[in-house]
Each structure stands twice: as structure tokens, then as C-alpha cells.
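Spelled out from the first residue to the last, the chains are:
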Amino acid sequence: MKKKFLALSLAVLMLAMLVSCNNSENADTPSSEPGISQSDYDALKKQNEDLQAENDSLKAELEAANAKIEDLQNVEPTASIPPSQVDILVYDDAYVTINFIGCEIDRGDENIVFMVTNKTDSELTFQSGTMAIDGVSLGHVSGSDSVASQSKGKIRFETKEEFPTMTPSTISGTIKVIDFGKTLWGSQSYEVSFSNLDVTT
């Protein structure tokens, strides 16, 4: 855009110089010699006006683009927002304890976050098929986090739908507990379900 703007500015300047030179030559030329005709002059004047209008339009576009760039440069990158300080028991058995600890924003993505205690001697993986916040389904759920044996760790689930709130009153959903090594129970996994669990403090 800047190159086009400069080209138009040069064109306007050259046109103005041409008209000025013509006027100068006409002043020194005897009246018997023909100068620039009225029609040529009118055509050049019209062309000059058109170029000036386009020049003004491009200048306005350039100023708007520069202003937008400046605004974008002044915007701070989306910071990670840690989960709210809650700690609500969701599920507990001989293998795991699952607590809801809140919602967070990580690099612009909204996540529902749980703290898991793995009580077994095997690594466990956690996945989900559905989640809801305050009775609003969050659509397709993605996320697969593993927690080492005899340890605690966070698991996060991201959804397609925008969260209705980052401080929910209730949550619903399912979490699949997976033992890929198949050493703990008969099947490879089992599912934990919870419905309208009160997560207010």
C-alpha cells in the first residue's frame, strides 16, 4: 500500500510540474503560437483531481492500517489464568481420588481442571466424553492426561463450546480411568460419572 501511495504522489507531482511548465511556456510564447488546448487542459485537470482523490483515499487507508497495527502491538498476549481456588471431591475409590479444582484459560483455551491422586503402582490415563457447566453441555471434549503411579497430578479437558462461566455452580460429565497396562482390573478402563455436582465453596 505504501508503494502505491508513493507512486500516486509522484504522479500527481509530475502532472503538476507539467501543467506549470506548459503555463510558463505559454507565457513566453507569442499569442500567434498555439499552447495547450482547453480540452487537453480540462482532461489533465480531471486526471489530476481523480489521482488526488485516490491519493487521499489511500492515505486514509494507510492511516487506518497503521492505527490498527499500533492497537495490535499494544495488546498484551493472553496470559494463562490459573483455576479458581476450589477443591471439590468428585470421586474416590481404591484406585483414584478425583477433585474438581476449577476452570482455567491456558494460551487462550478454556479448560476444566481436576486434581487426581493415583493410588496404584501403575500409570493411569484420564479421558472424557462429555462435560457440562451449570447445565450447559460443552460439546466435544478433548484431552488425555496421565498421572504417574502413587502420585498426584492435574488433568485438563478442553471443549468446542465456550464456557458459560469460569466459576461454575455445578458440573456434570464423565471421566474414563484407563490402565493401558491392563494390570489393575479385568477390563482396560472404567468410567466415572457425575451429574449436577455442586462445586461452590
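Cut-offs and rules
Residues numbered from 1 in each chain as written. Predicted model: local features only at pLDDT ≥ 70, side-chain atom pairs only at ≥ 80, totals over all residues. Heavy atoms only, no water. Phe/Tyr/Trp six-rings, centres within 6.5 Å; stacked < 30°, edge-to-face > 60°. Buried < 20%, exposed > 50% of the residue type's maximum accessible area, 1.4 Å probe, protein only. Helix = DSSP H or I, 4+ residues; strand = E, 2+ residues; numbered from the N terminus. Pairing = 2+ DSSP bridges. Polar contact = N/O pair within 3.5 Å; in protein donor to acceptor, adjacent residues only side chain to side chain. Salt bridge = Lys/Arg side-chain N within 4 Å of Asp/Glu carboxyl O.

(A) Focus on the packing of aromatic side chains. Tallied over the full model, the rule gives four aromatic pairs. An aromatic cluster is defined as three or more aromatic residues linked by ring pairs; in this entry it consists of Phe 100, Phe 114, Phe 157 and Phe 194.

(B) Quick peek at the pairing of strand E2 (residues 96-106). For E2, the buried fraction is high: 10 of the 11 residues fall into the buried class. In the sheet, strand E1 (residues 88-92) pairs with E2 via four bridges, with the strands oriented antiparallel. Bridged to Leu 89 within E2 is Asn 99. Connecting E1 to the next strand, E2, in antiparallel fashion are three residues. In textbook terms, the turn of a hairpin is the stretch between consecutive antiparallel strands, and for E2 and strand E3 (residues 109-118) this stretch comprises two residues, one of which, Arg 107, has a positive phi near 55°.

(C) Representation of the sheet that holds E3 in the model. Taken in spatial order, the five strands line up as E1-E2-E3-E9-E7 in an open sheet, and their pairing is antiparallel. Strand pairing shows two members of the sheet lacking a second neighbour, E1 and strand E7 (141-142), which therefore form its edges.

(D) Fine view of the side chain of Thr 159. Looking at the secondary structure, you find Thr 159 in strand E9 (residues 151-159). In terms of polar contacts, Thr 159 uses its side chain to reach the backbone carbonyl oxygen of Glu 161, at 3.0 Å.

(E) Region of the structure containing the pattern of salt bridges. Across all of its chains, the model carries three salt bridges by this definition. The salt bridge partner of Lys 119 is Asp 92, with a shortest N-O separation of 2.8 Å. Within this pair, whereas Lys 119 is found in the loop between E3 and strand E4 (124-127), its partner Asp 92 is found in strand E1, the two being separated by 27 residues in sequence. Of the charged contacts, one joins Glu 104 and Arg 156 as a salt bridge, the two residues approaching to 2.4 Å between their closest N and O atoms. Here Glu 104, found in strand E2, pairs with Arg 156, found in strand E9; they are 52 residues apart in sequence, far enough to count as distant.

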